[in-house]
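Spelled out, the chains give:
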Amino acid sequence: MRFRPDQHLTRQNDIRAVREQGRRVDCRAFTIWWRCRVPAGTPTPATAAPGAKISETPRVCVIASTAAVGGAVQRNRAKRRLREVFRHQQHLVPASCDLLLIARSAATTWDMHELQKRFGDACSQINQR
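Residues numbered from 1 in each chain as written. Predicted model: local features only at pLDDT ≥ 70, side-chain atom pairs only at ≥ 80, totals over all residues. Heavy atoms only, no water.

Colleague: Mind showing me how you'd approach the sheet that holds strand 3 (residues 59-63) here?
Modeller: Pairing between the strands of a sheet is mediated by backbone hydrogen bonds and can be parallel or antiparallel. Taken in spatial order, the four strands make up an open sheet running 1-2-4-3, and their pairing is mixed. At either margin of the open sheet sits one strand with a lone partner, and together these are strand 1 (23-26) and strand 3. When strand polarity is set aside, the average angle formed by the axes of neighbouring strands in this sheet is 20°. Pairing of strand 2 (residues 30-36) with strand 4 (residues 97-103) involves seven bridges; the strand directions are antiparallel. Bridge assignment links F30 to a residue of strand 4, and that residue is A103. Of the strands in this sheet, strand 1, strand 2 and strand 4 touch helix 3 (residues 112-128), which is tilted by about 30° from strand 2. (Pairing = 2+ DSSP bridges. Helix = DSSP H or I, 4+ residues; strand = E, 2+ residues; numbered from the N terminus. Axes fitted to C-alpha atoms, helices over the stretch in contact; angles between N-to-C directions. Contact = heavy atoms within 4.5 Å.)

So this is what it looks like as structure tokens:
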């Protein structure tokens, strides 16, 4: 599946809301902060009023700091790898969920299969809540 522009979490207010109101899952090579945009009890698109627009796609922001990952080459590599993990496994993320993927230095060296496994395990924890 493609990683579409509407899946990018770009607004600072949205990113701040995920950090302040969301929950955290530690995956060793990266940390996932997550927050659902639609509170419980809110109508789903099937039951919403006509014309109401509720986004059904998960959005993600990938963050890699110099202190945690390293120089520009390592930071860009970590972000590319984490975006690729999300792209391949976005079907595991609950709909209308915002994610922050915060990279650590291991994100550049771990095997992609291990990163995908950790991401899948984190998504199963998110789905349980």
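After that view, the rundown keeps rolling.
Colleague: Would you mind showing me how to read the state of the cysteines here?
Modeller: By definition, a disulfide is the covalent link that joins the sulfur atoms of two cysteine residues. By the definition in use, this model includes zero disulfides. For C27, which is in no disulfide, the shortest distance to another cysteine sulfur is to C123 and amounts to 8.3 Å. The exposure class of C123 is buried, given its relative accessible area of 1%. (Disulfide = S-S within 2.5 Å. Buried < 20%, exposed > 50% of the residue type's maximum accessible area, 1.4 Å probe, protein only.)

Colleague: So what exactly am I meant to see when it comes to the pattern of salt bridges here?
Modeller: Opposite charge on two side chains permits pairing when their charged atoms draw close. Under the counting rule described, the total for this entry stands at eight salt bridges. Here R4 makes a salt bridge to D6, at a shortest N to O gap of 3.5 Å. The class for D6 is partly exposed, based on a relative accessible area of 43%. For E84, the salt bridge is made with R87, and the minimal N-O distance between the two is 2.7 Å. Placement of the pair is E84 and R87 together in helix 2 (residues 72-89), with a separation of three residues, close to one helical turn. Connected through salt bridges with shared partners, the residues D14, R37, R59 and D98 form a single ionic network. (Salt bridge = Lys/Arg side-chain N within 4 Å of Asp/Glu carboxyl O.)

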